[in-house]
Amino acid sequence: MQINVSQLLQEPIGALRDYKVNEVIDIKGDGTGSAVEGECRLLRTQRSILATCSLRTAVELTCSRCLGQFSHHLKLKFEEEYLPTVDVATGAPMPPPEEASTFTIDEHHILDLTEAVRQYSLLAIPMKPLCSEDCAGICQNCGKNLNQGSCGCPKQYTDPRWSELTKLL
Ligand SMILES: [Zn+2]
Ligand SMILES: [Zn+2]
């Protein structure tokens, strides 16, 4: 998701560029590609380029209840500032940003949105993903995925908390 911003950097403050995004990136770093689509607007500010993006993508997740794989859609909206590392007019290096986590535009005036998209996608992934709100989970007894139909196990299994009580009685 690399955009050459050498032109935009030479324009006055307030100059805008709109970009359509349609690319595949590896969000989870596991070699699987996710298609990312949407729009990004780049705004020339006094010291930087401000990217405002509205994107959609999907990642493959494992359901925390039934352990099934499913595709989870993500909507990403973010605004990030990208600081130039060289002066576009003179080619002279700029002082590095105060915060190491600041996004930068490289010496060839390439603004790369990939890392921001990756970070915002990871933040948007739920801690305990569910394939659906009413996921039936797996049978405690035989391990069958109950979304694919019921298993042959008897309906009432003994809750381990109650079996301790039963022993006392
Ligand atoms: Zn599930
Ligand atoms: Zn079962």
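Check the entry above for the structure.
## Some details on the packing of aromatic side chains
Here comes step 1: A full pass over the atoms with the stated rule returns 2 aromatic pairs.
Here comes step 2: Taken together, a centroid distance of 5.2 Å and an interplanar angle of 20° make the contact between Tyr82 and Phe103 stacked. Here Phe103 lies in strand β6 (residues 103-105) and Tyr82 lies in strand β5 (residues 69-84), a separation of 21 residues in the sequence.
Here comes step 3: The class of Tyr82 is buried, set by a relative accessible area of 0%.

## Some words on the state of the cysteines
In protein structure, a disulfide is the covalent linkage between the sulfur atoms of two cysteines.
Here comes step 1: One pass over the full model with this rule turns up 1 disulfide.
Here comes step 2: A disulfide bridge connects Cys40 with Cys53, and the sulfur atoms are separated by 2.1 Å. A torsion of 115° about the S-S bond marks the disulfide between Cys40 and Cys53 as right-handed. On the criterion of sequence distance, the pair formed by Cys40 in strand β3 (residues 34-44) and Cys53 in strand β4 (residues 49-62) is long-range, its members being 13 residues apart.

## Quick word on the environment of Leu111
Here comes step 1: Along the chain, the position of Leu111 falls in strand β7 (residues 110-112).
Here comes step 2: Since its relative accessible area comes to 0%, Leu111 is described here as buried.
Here comes step 3: Spatially, the C-alpha atoms of Leu111 and Pro84 are 8.8 Å apart, while their sequence positions differ by 27 residues.
Here comes step 4: With residues near it in sequence (within four places) discarded, Leu111 still touches Met1, Gln2, Ile3, Val5, Leu42, Ile49, Tyr82 and Ile105.

## A few points about the side chain of Arg44
Here comes step 1: Note that Arg44 resides in strand β3.
Here comes step 2: The side chain of Arg44 is buried and forms no salt bridge, while Asp87, the nearest opposite charge, is found at 7.3 Å.
Here comes step 3: One polar contact links the side chain of Arg44 to the main-chain carbonyl oxygen of Leu9, over a distance of 3.0 Å.
Here comes step 4: The contacts of Arg44, once residues within four sequence positions are left out, are Leu8, Leu9, Glu11, Pro12, Ile13, Gly14, Ala15 and Ile49.

Rules used throughout
- Residues numbered from 1 in each chain as written.
- Chains lettered and ligands numbered in written order.
- Predicted model: local features only at pLDDT ≥ 70, side-chain atom pairs only at ≥ 80, totals over all residues.
- Heavy atoms only, no water.
- Phe/Tyr/Trp six-rings, centres within 6.5 Å; stacked < 30°, edge-to-face > 60°.
- Helix = DSSP H or I, 4+ residues; strand = E, 2+ residues; numbered from the N terminus.
- Buried < 20%, exposed > 50% of the residue type's maximum accessible area, 1.4 Å probe, protein only.
- Disulfide = S-S within 2.5 Å.
- Contact = heavy atoms within 4.5 Å.
- Lys, Arg positive; Asp, Glu negative; His and termini not counted.
- Salt bridge = Lys/Arg side-chain N within 4 Å of Asp/Glu carboxyl O.
- Polar contact = N/O pair within 3.5 Å; in protein donor to acceptor, adjacent residues only side chain to side chain.

By themselves, these figures tell us nothing about what the structure is for.
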